[in-house]
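Coordinate inspection notes
Take a look at the letters that make up each chain.
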Amino acid sequence: MSINYGLAMHYRVLGRTGIRVSEIGLGAWVIGTDMYVAHDRERDIALIRTALDLGINTFDTADMYGEGLSEKILGEALRGYDVNVFTKVGYEVGKVVDGRHVQNFSINYIVNAVKESYNRLGRRITLLQLHNPPINIIKDRELHKALLKLVEESYVEHIGVALGPETNILNEGLAAIDEGYEAIMFVFNILEQEPGRTLIRRGVEDSIGLITRVPHASNVLTERQDVNFGPSDHRNLRSRDWVVKALEFTNTRIRPMAKSLGIDLETLAIKYILSYPVSTVMVTATSPEELTKYANAADGNYLSSNTVKTLENLYEEFTKLTGND
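Residues numbered from 1 in each chain as written. Predicted model: local features only at pLDDT ≥ 70, side-chain atom pairs only at ≥ 80, totals over all residues. Heavy atoms only, no water.

**Looking at the environment of Phe86**
Tracing the backbone shows Phe86 in strand S5 (residues 84–89). When the C-alpha atoms of Phe86 and Ala38 are compared, they prove to be 23 Å apart, with 48 residues separating the residues in sequence. In this view, Phe86 contacts Leu14, Val21, Thr58, Phe59, Asp60, Thr61, Thr126, Leu127, Gln129, Ile211 and Met282; residues no more than four positions away in its chain are not counted. (Helix = DSSP H or I, 4+ residues; strand = E, 2+ residues; numbered from the N terminus. Contact = heavy atoms within 4.5 Å.)

Put into structure tokens, the structure is as follows:
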């Protein structure tokens, strides 16, 4: 089944892959998990159906989300639909030490993990991404060859790298481009513009698919600004000092700008990202209403170059405030 492309959703091309992706993609880390809110299967299905109704044709998950449950739910809900399903491998499903999943990028493990993701999803994986790999893994030519073999065997269409955690992102992103990966995923938002802007410039030069995540800076760039995350919420990894300073800066410097443009913070955040030549913005939505609001921001009317420049200048001001310049 095809989705309704007659809706207001706009589409871009994922680098040299040629894949047509919706400007808003659904980040399925909320599907089948309690990483943001308590797991609710009915809510999961409602989110997926809403995404399809909105013209969203791109979904991103990972094998370790819900220990495979996210992939399984997506696979069932999207069966028969002509959509893009991205997934990620690199963490051992079901293996948690000291509250964290253990990474494993051995070729045998990765190949088996991909085949298991393929079976859970019930379809060929549109984009397979290495999940937060260190730079030595990104540069591992034998692993890259193994991934390309999975493409030849039709388990996977394209391969990329999901960058993180936020420690060596610039070098890892540049390495992924140099090694021939077709897409990179990275954090990019008004309060976290680098190394995203640098990766975007280089990615455009090399026709790389550019997938952005965390558009609302973990709820800071939203009207509700609920940053008291539950114990299982991975956003707790953020520095509390950064969150406090980000909230104050947003409310005193960025919120007035959104108001002057006649839009709210959520909309400004998405329009800012889509003012750059990225491929898609993966959003985190916990309700159909939230997802609809984010999708409506992708209306083709983005920010002027002067507004973008002002936000870039504000980012420089914020980095000085937080000591990250």
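Once you've had a look at it, read on.
**Here's the deal with the packing of aromatic side chains**
Scanning the entire structure with this criterion turns up eight aromatic pairs. Pairing Tyr118 with Tyr155 gives two aromatic rings, centres 5.0 Å apart and planes at 75°, and the pair type is edge-to-face. Placement of Tyr118 in helix H3 (residues 107–121) and of Tyr155 in the loop between helix H5 (141–152) and strand S9 (156–162) is noted, with a sequence separation of 37 residues between them. In this structure Tyr155 comes out as partly exposed when scored by relative accessible area, which is 21%. Judged by centre distance (5.9 Å) and plane angle (80°), the ring pair of Trp242 and Phe318 falls under edge-to-face. A residue pair is termed long-range when its members are at least 10 positions apart, and Trp242 in helix H8 (residues 240–261) and Phe318 in helix H11 (residues 305–322) qualify at 76 residues. Members of the aromatic cluster, each reached through a chain of ring pairs, are Phe186, Phe188, Tyr272 and Tyr276. The lysine or arginine in question, Arg20, covers the ring of Tyr11, its NZ or CZ lying 4.2 Å from the ring centre. (Phe/Tyr/Trp six-rings, centres within 6.5 Å; stacked < 30°, edge-to-face > 60°. Buried < 20%, exposed > 50% of the residue type's maximum accessible area, 1.4 Å probe, protein only. Lys NZ or Arg CZ within 6 Å of the ring centre and 35° of its normal.)

**Let's talk about the nonpolar core**
In terms of nonpolar packing, the biggest core is built from 104 residues, with Phe59, Leu147, Ile184, Leu191, Ile254, Tyr272 and Leu291 touching the most fellow members. The element that contributes the greatest number of residues to this core is H8, accounting for eight residues. Residues within four places of Ile254 in sequence aside, it is in contact with Ile190, Leu191, Leu221, Phe249, Leu265, Leu268 and Leu314. (Core = buried A, V, L, I, M, F, W, Y, C linked by side-chain atoms within 4.5 Å.)

**Describing the environment of Thr222**
Tracing the backbone through its elements, the reader meets Thr222 in the loop between strand S11 (209–213) and H8. Judged by its relative accessible area of 1%, Thr222 is buried. In sequence terms Thr222 and Asp264 are 42 residues apart; their C-alpha atoms lie 7.8 Å from each other. With near-sequence residues (within four places) excluded, Thr222 lies in contact with His216, Arg255, Leu265 and Glu266. In terms of polar contacts, Thr222 uses its side chain to reach the backbone carbonyl oxygen of Asn219, at 2.6 Å. (Polar contact = N/O pair within 3.5 Å; in protein donor to acceptor, adjacent residues only side chain to side chain.)

**Concerning unusual backbone geometry**
Among all residues save glycine, negative phi is the norm, and among peptide bonds the norm is trans. The peptide bond linking Gly164 to Pro165 adopts the cis configuration, its omega dihedral lying at -15°. Along the chain, the position of Pro165 falls in the loop between S9 and helix H6 (169–178). Here the bond from Glu194 into Pro195 is cis, since omega is 10°, no more than 30 degrees from zero. In this structure, Pro195 sits in the loop between strand S10 (183–187) and helix H7 (196–205). Notably, Ser154 is not glycine yet its phi reads approximately 70°, a positive angle. Within the element layout of this structure, Ser154 appears in the loop between H5 and S9. For Ser154, a relative accessible area of 36% translates into the label partly exposed.

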